[in-house]
Amino acid sequence: MTAPAIKASHLSVSFGGYDALEDVTVEVAGGSFLAVVGPNGAGKSTFIRSLLGLVKPTSGRVEIHSHQPGKLPPGTVGYVPQVKTLDRRFPALSIELVLTGMRRRWPFRVRASERSEAMEALEKVGMAHLAEAALGKLSGGQLQRIYLARSLVRKPRLILLDEPATGMDAPGEQDFYAVLDEWQESSGATIVMVTHDLEVAAHHAGEVLVLNRRVIGFGPPETALGEHHLSEAYGHGGHSHGKIFGAHNHD
Amino acid sequence: MIEALSLPFMQRALVCGILVAILSGWFGAFVVQRRLSFLGSGLAHAAFGGVALGIFLSVPPLAIAVPFTIFVGLAIVWVQQRTVLAADTAIGVFFAVSMALGIVFLSQTDRYTTDAFAYLFGTILAIKPADLYLTIAVAALALLTCPLWSRWAYATFDRELAAADQVNVLRDDYLLALSLAVTVVVSIKVVGIVLIAAFLVIPAAAARLMTRRFSTMTLLSITCGVASVIVGLIGSYQLDLPSGPLIILTQAAIFAGAFLFRRG
């Protein structure tokens, strides 16, 4: 039996007395697509940051492919952050950001040998024509695709996405998920995506983790997004199981 | 002008000025992009406190100013990382305390108007061989930071992304503050405490307006700084005007040109 891609055991994270995550225990098999949902302040981004090794657990532990985060072989994890964290004043071209996916450092110059690989990743996300564009001038949706190309170029075993559809229009969002689905199918990589969109979680993910600082529901979308889980996570009103699974046309 | 360049004091001024321009251009790119422009002023004024203490104790001012400024630089980063205070607030605290200390020390000595004035406004044309050797030594040490450029640049772009790729961003913050502190303190003899912040900010700001790449910005920042030293020194000789301010005015002219023809 192969080790799970992600194993969180009794994971708790506190910031200055505030419990962001409490006793989270989940196992995600390799090749899964996990959507992490929950209300604002539910600890979704903290969960992702724990997987990246950016926050230390107060108690419990996390393993990725049997390694502690931060001690993983280079290139194991690709990360697509929230686009709102980008400093648009930093002088950078799209292709330079993609190259950080390969080098894990900022490139002083773009070597010809690396350019073709970076361009291939940009083509996958439909952004090759913006390779030489200044990052600060791109829209939120375009930036998310560049960040996705940056992740794909390192051919990771695990991709972590933090609200990747923010700032995208509906067709852009569909294209984005199509690229993600296609990549997962061809590479067998594991995907963990934080999203506010329960319909996207229901129709793209194989598993859903409903968080509200602790695990409210975990499993296939049909069960994890059950009425009782949603009302426990979000309170009453606003989200209905029938609406989530009925409204979205998968095709 | 060729005649001027045959004069030893002018040669020292040129070499020293160019080295300071290279150092401040290199680190200035990070200062500007990390929005730490105030740090240059803060460290320069911290150096003033160190210089004043040196004068008060009757020891070579730089012997005190170097460790004093390094201490302040590291303390600013330490306070910023361990509290909720923003960088400019931490800098503001140390800036004011260092100046206050400097004034107290100088009030207790009778050499205030000579040595202290030289450090406040710089005496590039009175650079002694020992000052030049110190600047050369610091420039040689700064070469060791070249491999750090790609890490510092990555963290300047996005600290979290860099940290996720196992860049030790906290340690790098201290290394950058240490390098900056040393650069500032050796530069004050050349351009003075009042003008060193301009050396760190104006060439890099002009460079930012000229390019869309950080690597090019770093190189242009150095180029603008070096050009301003050469033009400023020649101008000062020809027009019989103070060198330090004329170098800064040349930088301002480059900045104005970059602003008019900006593409970044």
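Provided above is the structure to which this section pertains.
Thresholds applied
Residues numbered from 1 in each chain as written. Chains lettered and ligands numbered in written order. Predicted model: local features only at pLDDT ≥ 70, side-chain atom pairs only at ≥ 80, totals over all residues. Heavy atoms only, no water. Pairing = 2+ DSSP bridges. Helix = DSSP H or I, 4+ residues; strand = E, 2+ residues; numbered from the N terminus. Buried < 20%, exposed > 50% of the residue type's maximum accessible area, 1.4 Å probe, protein only. Axes fitted to C-alpha atoms, helices over the stretch in contact; angles between N-to-C directions. Parallel < 35°, antiparallel > 145°, perpendicular 65-115°, else oblique. Left-handed = near helix turned anticlockwise from the far one by under 90°. Contact = heavy atoms within 4.5 Å. Nonpolar A, V, L, I, M, F, W, Y, C, P; charged D, E, K, R; others polar. Expected span 1.5 Å × (residues − 1).

A. Fine view of the pairing of strand β8 (residues 207-212) of chain A. Examined bridge by bridge, strand β3 (residues 33-37) of chain A and β8 of chain A share 4 bridges and lie parallel to one another. Note that in β8 of chain A the partner of Leu34 of chain A across the bridge is Glu207 of chain A.

B. Main features of unusual backbone geometry. Despite not being glycine, Asp23 of chain A has its phi angle at roughly 50°, a positive value. You can see Asp23 of chain A is positioned in strand β2 (residues 18-28). A positive phi angle is found at Gln166 of chain B, which is not glycine, with a value near 65°. Inspection of the secondary structure assignment puts Gln166 of chain B in the loop between α9 (159-164) and α10 (169-191). Judged by relative accessible area, which is 38%, Gln166 of chain B ranks as partly exposed.

C. Expanded view of the packing of helix α3 (residues 37-57) of chain B against helix α5 (residues 87-107) of chain B. All names here are of chain B. Interhelical geometry of α3 versus α5 gives an angle of 25° and a closest axis separation of 8 Å. When the axes of α3 and α5 are compared, the pair comes out roughly parallel. Crossing of α3 over α5 shows left-handed handedness. Contacts between α3 and α5 involve Phe38, Leu39, Ser41, Gly42, His45, Ala46, Phe48, Gly49, Ala52, Leu53, Ile55 and Phe56 from the former and Asp88, Ile91, Gly92, Phe95, Ser98, Met99, Gly102, Ile103, Phe105 and Leu106 from the latter. Partitioning the contact of α3 with α5 into residue classes produces 14 nonpolar, 7 polar and 1 charged.

D. Geometry of the pairing of strand β1 (residues 6-15) of chain A. Residue and element names in this part refer to chain A. Relative to β2, β1 runs antiparallel, the two being bridged by 7 bridges. Across the sheet, the residue bridging to Val13 is Leu21, located in β2. Hairpin remark: β1 followed by β2, antiparallel, with 2 residues in the connecting loop; positive phi at Gly16, about 50°. Where β1 meets strand β4 (residues 59-64), 5 bridges bridge the pair, whose relative direction is antiparallel. Bridge assignment links Ala8 to a residue of β4, and that residue is Val62.

E. Region of interest: helix α12 (residues 214-239) of chain B. Look at α12 of chain B: 36 Å from first C-alpha to last across 26 residues, which is about the 38 Å you get at 1.5 Å a residue. In the stretch just after α12 of chain B, Asp240 of chain B is the one whose phi turns positive, near 55°.

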